[in-house]
Structure formats: structure tokens, C-alpha cells
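Analysis of the macromolecular model
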Amino acid sequence: MLLPKFHAIPQKELLAAIYDIQAGIDQDDRDTACQAGCFACCTDQVYLTGLEGELLRAELARLGREDLLAKAGELAPQTTAPSYTFNQLAQCCLEQREPPADQENQALPKACFLLEGGLCAAYEARPLACRVMASQSRCAPGGEAEGDPWWFTLDSALMQIAEHVAMGSGYGSLAAVLAGDQTALLPCQPLPGLLAPPEHQDRLEKELLPLFARKVDGQHLGRWMDRIRQESQTGRDPANIGKTR
Ligand code: SF4
């Protein structure tokens, strides 16, 4: 799979802005039962973008955890590509059609290979899917998180935006992304529209304003998102994308 490169777009900085806004939302508005040592949600069914994988890989290298990178390489051949990315799922929902059957989630989840002694070995660089996981009550292993429906709406929007800014990278399981196993990744997709039930739409628009208005490398994040969409639609030689601007 040949993915385009968005050379002139500060994708890592855009992702960092999303992480930052998400951390603020979490601290300000959510009363959760989540705490260190609680890891029911730390499974091998966490999906992320290749852009997030780059940050995670750098963090593992900084921590001297090449063993965990090697572990990703061992586990990657056992994983398959997910049936859809988050934005593909959103597109199906927006078009009111069924998404492709999800083969991956029919398997029983196993513990994430970054979990050590009940803690994440790369917590500071954990993907957005882990950051947004929250529950109002303590989760039993294998059980489900309980959250306010509004959290789901807002977190889904952030996941969609994070995939959009990661355009040009792949999407898949932690092991496949860290190992760069292209056979088990899908290409990230642009934002098809935000998923929000009617009762949340105004609130979502208001809540996302600070994110879209956040300045990243001298330009609003929303403008960068427009630029990513334009670049992805040009169909130009991937090697030249972004060079003329
Ligand atoms: S990356 Fe870290 S936080 Fe995310 S599932 Fe794995 S151990 Fe848990």
C-alpha cells in the first residue's frame, strides 16, 4: 500500500493539539472511576493511526524499550487489518448503511502487550483510543465501560478528526502500526462529517470551536484540516504533495 506523504503539513503537531484539547476536556468535565492500575480496557483491540504510532514508537525508543518494539514485530503477523477505519464506519453511519462485518472483534480480546504490572509502558504517548476510554463505574475485566452518551459523541468526533489529520498513514492494531506491517493496515480516511445525534449537534459544534481555532504552526487547526482534504483530493504524485505551497 503506497500512502501519500503530506510533507509540508505539521501532522504531529496537529495530533499533539488534539491530545492537548482532549486532556483539558477530560480534566474539566468528567467524573470517572478510572485510575492508575485499572486496565480492563487495555486490550489488543485498540486501533490507532500510523501518525500516532510514530509518536508511540519515538516514546518507546526514548524509554529504551526496543524489546516492546520487537514484541510488536512478533505479534504483527498474527493480526489482520480491521474491517474499517473510524471514518469509514462514520461514513457508513452517515449514509445509513451497514459497515462491513467486523472479523477482528469476534475474537476474544487479549491484554495489550504494552501493559506491564497494570500500567501502560508508554502512557505519555498512548493513542487517542486509550485516552478517551473512560467509565463512570469501575469496569470488570471483560466488562463494558459506562459513560455519559455525550462523552461518546465528543470522543467519536475527536477520533474522527485525529484520523483526518493522520491522512497518508495507515490505521490498524497497535502491533501492526508499531511494526509498520502494511498488510494489516487500512489507509486513513478524511472526515466524512461528524457523527452526532440531533440533541448533541449544537453542543458539539461549540465544544469543538477551540480545537478548530487552535493555532498550530501559525495556522488554525481547522484550516490545516481543509488543506489536508485539498491535498488528498489533488491526485498529484505523492512525492510532490505540499512542495509547491
Ligand atoms: S497502549 Fe497503553 S493505555 Fe493503550 S491499551 Fe495498551 S497498555 Fe493500555
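Above: the structure in question.
Residues numbered from 1 in each chain as written. Predicted model: local features only at pLDDT ≥ 70, side-chain atom pairs only at ≥ 80, totals over all residues.

1. What to know about the overall build of the protein chain
The secondary structure content of the protein chain amounts to 9 helices and 7 strands. Relative to its full complement of 245 residues, the protein chain shows a buried share of 33%. Of the contacts formed within the protein chain by residues at least 6 apart in sequence, a portion of 78% connects residues at least 24 apart. (Helix = DSSP H or I, 4+ residues; strand = E, 2+ residues; numbered from the N terminus. Buried ≥ 20, exposed ≤ 12 C-beta atoms within 10 Å, placed from the backbone. Contact = placed C-beta atoms within 7 Å.)

2. Re helix H9 (residues 221-234)
Side chains that are three or four residues apart share a direction in an α-helix, a result of its 3.6 residues per turn. Compared with the 20 Å implied by 1.5 Å per residue over 14 residues, the 20 Å span of H9 between its first and last C-alpha is a close match. Among all positions of H9, only Leu221, Trp224, Met225, Ile228 and Glu231 are buried. Projected down its long axis, H9 shows its buried positions confined to an angular sector of 125 degrees, all on one face. Exposed and oriented more than 90 degrees from the buried face of H9 are Asp226, Gln230, Gln233 and Thr234. (Expected span 1.5 Å × (residues − 1). Arc of directions from axis to C-beta.)

3. Section: the site of the ligand
Neighbouring residues of the ligand: Cys42, Val46, Cys112, Leu114, Leu115, Cys120, Arg126 and Cys130. Residues that form the shell around the ligand fall into these classes: 7 nonpolar, no polar and 1 charged. (Near = placed C-beta within 6 Å. Nonpolar A, V, L, I, M, F, W, Y, C, P; charged D, E, K, R; others polar.)

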